[in-house]
Amino acid sequence: MRYFKLLLLLLTSFIFIGCFIPERRLYFSWNKPIEKIDSCNYDFNIINTNMRLIKTDRGFIFDFNDEIYYRIGDEKPYNIKEYSYIINEVISFMSNNKKSILIVEGHADTIGNSKGDINLRLSERRASVIRDVIISSGIYYNRVKIFAYSDIMPKYTSNTYKNRRVDFLALKCENELNDYMMFYSNYYTNYIYKK
């Protein structure tokens, strides 16, 4: 009986100290504060040193020594060696960064500008072809998004044929995808009103 009283005294003091004194309160599963984990707060895993990521207001742009270029009116690239290298690097990046979202931006030059929305459709098809190749390598289709910019975002002023290209951007999470979509819609709206 003596041990039972001692055990009861210890148990009562433990409950009092652990549950009722705020400074010493124990957190049980029903009242433990939930830690919010930011799914966008991580660093990309970059294995190859030939590729750089440049942070911009719309995401992280893949920077290679080469780019994927197109002939007038084509939706398949003509510089196959550079194309193969870049596609393999992008697929490797996506495989090593399982949470990331890839944006494929299709672009055109100003040659077909007077022919309505032909450049928009062409830049969309260029991005679609690249997306299909990346998805066929095993990357989940929800992680690869395409956006067509037509001829409204030129990168070069002297070599305008280089504006027939695709650009790649990496996003870390869904929140950044929402921000990118807002950027895209605002960019187009501002461009249309300037015309």
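Quantities reported herein were computed from a predicted structural model and do not represent experimental measurements.

> Any chance you could explain the packing of aromatic side chains here in plain terms?
Here the structure, examined in full by the defined rule, presents 13 aromatic pairs. Members of the aromatic cluster, connected to one another through ring pairs, are Tyr42, Phe44, Phe60, Phe62, Phe64, Tyr85, Phe93 and Phe168. Above the face of the Tyr42 ring, Lys99 is positioned so that its terminal group lies 5.6 Å from the ring centre. Its end group placed over the ring of Tyr42, Lys172 keeps NZ or CZ at 5.5 Å from the ring centre.

> Would you mind showing me how to read the pairing of strand 1 (residues 52–56) here?
The two faces of the sheet receive side chains in turn, since in a regular strand these alternate between them. The pairing of strand 1 with strand 2 (residues 59–63) spans five bridges and is antiparallel. Residue pairing in the sheet places Leu53 in a bridge with Phe62 of strand 2. If you look at the hairpin formed by strand 1 and strand 2, you'll find two residues sitting between the two strands.

> Is there a simple way to explain the nonpolar core in this structure?
A general trend in soluble globular proteins is that nonpolar side chains are found buried together. The biggest cluster of nonpolar side chains holds 27 residues, and the ones touching the most others in it are Phe62, Ile130 and Phe168. Broken down by element, the residue count for this core peaks at seven residues, all from helix 2 (residues 80–96). Phe62 has contacts with Met51, Arg52, Leu53, Val90, Phe93, Leu102, Phe168, Leu169 and Ala170, leaving out every residue within four places of it along the chain. Among the nonpolar cores identified, the runner-up in size contains 14 residues, and Ile101, Leu169, Phe183 and Tyr184 belong to it.

> I keep staring at the side chain of Arg164 and nothing clicks. Help me out?
Mapped onto the elements of the fold, Arg164 is located in the loop between strand 4 (144–148) and strand 5 (166–171). Judged by relative accessible area, Arg164 falls into the buried class, the value being 9%. Polar contacts involving the side chain of Arg164 include one to the main-chain carbonyl oxygen of Tyr70, which spans 2.8 Å. Residues contacting Arg164, with those up to four places away along its chain left out, are Ile68, Tyr69, Tyr70, Arg71, Ile72, His107, Ala108, Asp109, Ile111 and Arg126.

Definitions and cut-offs
Residues numbered from 1 in each chain as written. Predicted model: local features only at pLDDT ≥ 70, side-chain atom pairs only at ≥ 80, totals over all residues. Heavy atoms only, no water. Phe/Tyr/Trp six-rings, centres within 6.5 Å; stacked < 30°, edge-to-face > 60°. Lys NZ or Arg CZ within 6 Å of the ring centre and 35° of its normal. Pairing = 2+ DSSP bridges. Helix = DSSP H or I, 4+ residues; strand = E, 2+ residues; numbered from the N terminus. Core = buried A, V, L, I, M, F, W, Y, C linked by side-chain atoms within 4.5 Å. Buried < 20%, exposed > 50% of the residue type's maximum accessible area, 1.4 Å probe, protein only. Contact = heavy atoms within 4.5 Å. Polar contact = N/O pair within 3.5 Å; in protein donor to acceptor, adjacent residues only side chain to side chain.

All quantities given are derived from atomic positions and should not be read as evidence of function.
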